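One letter stands for each residue in the lines below.
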Amino acid sequence: MHPLIASLIYYIESSKGYSVDDAREGDEKLSYIVEVHNLGMKYQSLNGEINALENINLSVKEGEFICIVGPSGCGKSTLLSLISGLIMPTSGKVLINGKEVLKTSCDVGYMLQKDHLFEWRTIYENVILGLEITKTLNQETKNYVLELLRTYGLFEFKDKYPGQLSGGMRQRAALIRTLAVRPQILLLDEAFSALDYQTRLAVTDDIYRIIKKENKTAILVTHDIAESISMADRVVVLTKRPGTIKNIHEIKLSCPERTPLCSREAPEFRHYFNKIWKELDVHV
Ligand SMILES: Nc1ncnc2c1ncn2[C@@H]1O[C@H](COP(=O)(O)OP(=O)(O)OP(=O)(O)O)[C@@H](O)[C@H]1O
Ligand SMILES: [Mg+2]
């Protein structure tokens, strides 16, 4: 399915999803926002069955930043699609705020490698798209979007078209579009890999600060080991297909400020890099 159609269906379905308030009955604070239990996914294709993921167990705390790394085709995107409710697992389950994920929900925002901004809509018209589709565009949500644009330096560009913006600004606009529907959890699938190296470093720093300031829980899939260490509280390493969890590294870095750029200067950084590199067992 074309990703745009998938994301449109996602937004439409999102409007019907359960709400966070439903899940937090009696204001009871749950310790994990995302729980993945014995998750497995087998695809049926014309060439037979593809065992994409097997026995994945993972619990994510509110506000945590998780990075997932693994060889090509090991099921990373599949894992995000399962967490988002875009597809259903063949075994196991995903819980969000303690409730099993059976469909997509506004609580989860999904950002892909391509920004999927519509070239014929202005930046403002692009960032309100999710609100239009979920029929939640009103004065309050419009003000929220304008505030996001102002806070994150895109207000002056709101009447410009995507083609008039740099790659980094486009990615920021895509993040604001995702944030506009107020998800609790952000899923980012190779969200920065279409950018050149220098822009990518700046954009990861930028996006990381926004995610932290907005107090979101994030799960980022990346091929880039350094990127994963620089952003994550924990890095999950997957094996080759069928993807299983090989190891989970808690990242503890001594640096004055925990931002992606500062993290790269930490003395422990290389140690994590070497360990994860060995675990990924990359042959060139
Ligand atoms: N809809 C589908 N139907 C059949 N097979 C699929 C489908 N989606 C993914 N697969 C297969 O499942 C496996 C895992 O795919 P997935 O895209 O999740 O991997 P990935 O780790 O994200 O890969 P990459 O690193 O290339 O992005 C691959 O072998 C892929 O070909
Ligand atoms: Mg993928």
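## Considerations on the nonpolar core
1) Next: Residues Ile68, Ile83, Ile176, Ala180, Leu187, Ile219 and Val235 are the most contacted members of the largest nonpolar core, which totals 71 residues.
2) Next: By residue number, the principal contributor to this core is helix α7 (residues 167-179), which donates six residues.
3) Next: With residues up to four places along the chain from it excluded, the contact list for Ile68 reads Lys76, Leu79, Ile219, Val221, Val236 and Leu238.

## Thoughts on the sheet that holds strand β7 (residues 185-189)
1) Next: The six strands are arranged β6-β7-β8-β3-β9-β10 in an open sheet whose pairing can be described as mixed. Looking at strand neighbours, the two that pair on one side only are β6 (108-111) and β10 (245-250), the edges of this open sheet. Strand-to-strand twist in this sheet, taken as the mean axis angle between neighbours without regard to direction, amounts to 15 degrees.
2) Next: Pairing of β6 with β7, which is carried by four bridges, proceeds in the parallel orientation.

## Re unusual backbone geometry
1) Next: Between Arg241 and the following residue, Pro242, the backbone shows a cis peptide bond with an omega angle of -5 degrees.
2) Next: For Pro242, the position within the fold is in the loop between β9 (234-238) and β10.
3) Next: One non-glycine residue with positive phi stands out, namely His116, at about 50 degrees.
4) Next: Tracing the backbone through its elements, the reader meets His116 in the loop between β6 and α4 (123-127).

## Brief notes about helix α6 (residues 139-151)
Since there are 3.6 residues in each turn of an α-helix, residues three or four apart along the chain are aligned in direction.
1) Next: Taking 1.5 Å per residue as the helical rise, α6 with its 13 residues ought to reach 18 Å, and the 18 Å between its terminal C-alpha atoms agrees with that figure.
2) Next: Looking at α6, one finds that the buried residues are Val145, Leu148 and Leu149. Projected down its long axis, α6 carries its buried residues within an arc of 100 degrees, all on one side. Residues of α6 that are exposed and angled more than 90 degrees away from the buried face: Gln139, Glu140, Asn143, Glu147 and Arg150.
3) Next: Of the surrounding elements, those touching the buried residues of α6 are α4 and α7.

## Some details on the packing of α7 against helix α8 (residues 197-213)
1) Next: Running from N to C, α7 and α8 cross one another at 25 degrees; their axes reach a closest spacing of 10 Å. Taken together, the axes of α7 and α8 lie roughly parallel to each other. In the crossing of α7 with α8, the sense of the turn from one axis to the other is right-handed. Contacts from Gly167, Gly168, Gln171, Arg172 and Leu175 in α7 reach Thr199, Ala202, Val203, Asp206, Ile207 and Ile210 in α8.
2) Next: Classifying every residue of the contact of α7 with α8 by side-chain character gives five nonpolar, four polar and two charged.

## Overview of the site of ligand 1
1) Next: Around ligand 1 lies a shell of 13 residues, among which Tyr43, Ala52, Lys76, Ser77 and Thr78 are the nearest.
2) Next: Of the residues assigned to the shell around ligand 1, the class counts are four nonpolar, seven polar and two charged.

## Let's talk about the confidence of the model for the protein chain
1) Next: On average, residues of the protein chain carry a pLDDT of 88, and 88% of them reach 70 or more.
2) Next: When the criterion is pLDDT under 50, residues 1-5 qualifies, and its contacts beyond four places in sequence or with other chains add up to four contacts.
3) Next: Here residues 8-28 is a poorly scored stretch, pLDDT under 50, and it has 32 contacts once near neighbours within four places are set aside; other chains count.

## What about the environment of Ser31?
1) Next: You can see Ser31 is positioned in the loop between α2 (20-23) and β1 (32-45).
2) Next: Taking the number of C-beta atoms within 10 Å as the measure of exposure, Ser31 has 9 and is therefore exposed.
3) Next: Between the alpha carbons of Ser31 and Val60 there is a distance of 8.7 Å; along the sequence they are 29 residues apart.

Rules used in this analysis
- Residues numbered from 1 in each chain as written.
- Chains lettered and ligands numbered in written order.
- Predicted model: local features only at pLDDT ≥ 70, side-chain atom pairs only at ≥ 80, totals over all residues.
- Core = buried A, V, L, I, M, F, W, Y, C linked by C-beta atoms within 7 Å.
- Buried ≥ 20, exposed ≤ 12 C-beta atoms within 10 Å, placed from the backbone.
- Helix = DSSP H or I, 4+ residues; strand = E, 2+ residues; numbered from the N terminus.
- Contact = placed C-beta atoms within 7 Å.
- Pairing = 2+ DSSP bridges.
- Axes fitted to C-alpha atoms, helices over the stretch in contact; angles between N-to-C directions.
- Expected span 1.5 Å × (residues − 1).
- Arc of directions from axis to C-beta.
- Parallel < 35°, antiparallel > 145°, perpendicular 65-115°, else oblique.
- Left-handed = near helix turned anticlockwise from the far one by under 90°.
- Nonpolar A, V, L, I, M, F, W, Y, C, P; charged D, E, K, R; others polar.
- Near = placed C-beta within 6 Å.
- pLDDT = per-residue confidence, 0-100.

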